[in-house]
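What the coordinates show
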Amino acid sequence: MVTEYEIDGLKLKTGDLICTSDGGAGSIDGQFWRLVGKLIPGDVDHIVVYVGPDGRCVEAGAKGKVVFFNIRNNRWNAICMRDERGPLIDRFYGIAYPLAERTWAEGEEEAVRSKVAAYCIEQAERQKPYNLNFLDSATDSAFYCSQLAYKAYLGVGIDLNTNKSIPHIPGTESIVFPQEIWEGCSHLSVA
């Protein structure tokens, strides 16, 4: 089932990608995550897959596994979502739309969105572990945040590993960075 939702004024549908930046002002935890974010190239540090309904999302993140969590009241608030997401403090950056600007036959886009969501939901239900081997984006046994989105979309024939806006460092081509997903898709930011 494809559903729609809104976060901080930006609309999204099942399968769209929520992009965040690590860190937050006003706390030691937020400052720690800001430093972690500086290790990741670009402004976008984290990817979350919106699966719906309402504010239901899937991410591979700070809890050390793929998890479900809910955005409440159409507002991104990392502090309020800590019980479900773990200690990550991040700021809402925007929405990436991997399916925008494509031509679809009737019902095809909804089928693709449903398949992407089903893949992510399955990984969360199985509580797949976090993938610390960023060079192994081909595995289905563990996931890091952008790899989860990459694998979900690769399963429907869309490759999000574009290497856009990522410095060329030999040997890192297989890493799927959040920033390259942002740059490789149509997107809207809150700023």
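Let's talk about the environment of Arg75
Its location among the elements puts Arg75 in the loop between β6 (66-70) and α2 (82-85). For Arg75, a relative accessible area of 51% puts it in the exposed group. Distance in space between the C-alpha atoms of Arg75 and Glu6 is 8.2 Å, their sequence separation being 69 residues. In terms of polar contacts, Arg75 uses its side chain to reach the side chain of Asp8, at 3.2 Å.

Description of the pairing of β6
In this sheet, β6 lies alongside strand β5 (residues 56-60) in antiparallel orientation, the contact comprising 5 bridges. Looking across to β6, one finds that Val58 is bridged to Phe68. Connecting the antiparallel pair β5 and β6 is a turn made up of 5 residues, with Gly64 showing a positive phi of about 80°.

Overview of the packing of aromatic side chains
Taken as a whole, this structure holds 7 aromatic pairs when the rule is applied. Measuring from centroid to centroid gives 6.0 Å for Phe69 and Trp76, while their planes differ by 85°, and the two rings are edge-to-face. Pair check on accessibility: Phe69 and Trp76 agree, each one buried. One aromatic cluster in this structure is built from Phe69, Trp76 and Phe92. Note that Arg85 overlies the ring of Phe69, its terminal NZ or CZ placed 4.9 Å from the centroid.

Structural notes on the environment of Tyr144
Topologically, Tyr144 is positioned in the loop between α3 (108-125) and α4 (145-154). For Tyr144, a relative accessible area of 3% puts it in the buried group. Distance in space between the C-alpha atoms of Tyr144 and Leu132 is 7.1 Å, their sequence separation being 12 residues. Those residues in contact with Tyr144 that lie beyond four places of it in its chain are Ala60, Tyr130, Asn131, Asn133, Phe134, Ser137, Ser174, Ile175 and Val176. Engagement of the side chain of Tyr144 in a polar contact is seen with the backbone oxygen of Phe134, the distance being 3.1 Å. Within the structure, Tyr144 has its side chain in polar contact with the backbone nitrogen of Val176 (distance 3.0 Å).

Describing the nonpolar core
If you look at the biggest cluster of nonpolar residues, it comprises 34 residues, and the most contacted ones within it are Leu17, Ile47, Leu160 and Ile181. The residues touching Leu17, leaving out its near neighbours within four places in the chain, are Ile47, Val48, Val49, Gly94, Ile95, Ala96, Pro98, Ala149, Tyr153, Leu160 and Ile181. By size, the runner-up hydrophobic cluster in this structure holds 16 residues, among which are Ile7, Leu12, Cys57 and Phe69.

Thresholds, definitions, all that
- Residues numbered from 1 in each chain as written.
- Predicted model: local features only at pLDDT ≥ 70, side-chain atom pairs only at ≥ 80, totals over all residues.
- Heavy atoms only, no water.
- Helix = DSSP H or I, 4+ residues; strand = E, 2+ residues; numbered from the N terminus.
- Buried < 20%, exposed > 50% of the residue type's maximum accessible area, 1.4 Å probe, protein only.
- Polar contact = N/O pair within 3.5 Å; in protein donor to acceptor, adjacent residues only side chain to side chain.
- Pairing = 2+ DSSP bridges.
- Phe/Tyr/Trp six-rings, centres within 6.5 Å; stacked < 30°, edge-to-face > 60°.
- Lys NZ or Arg CZ within 6 Å of the ring centre and 35° of its normal.
- Contact = heavy atoms within 4.5 Å.
- Core = buried A, V, L, I, M, F, W, Y, C linked by side-chain atoms within 4.5 Å.

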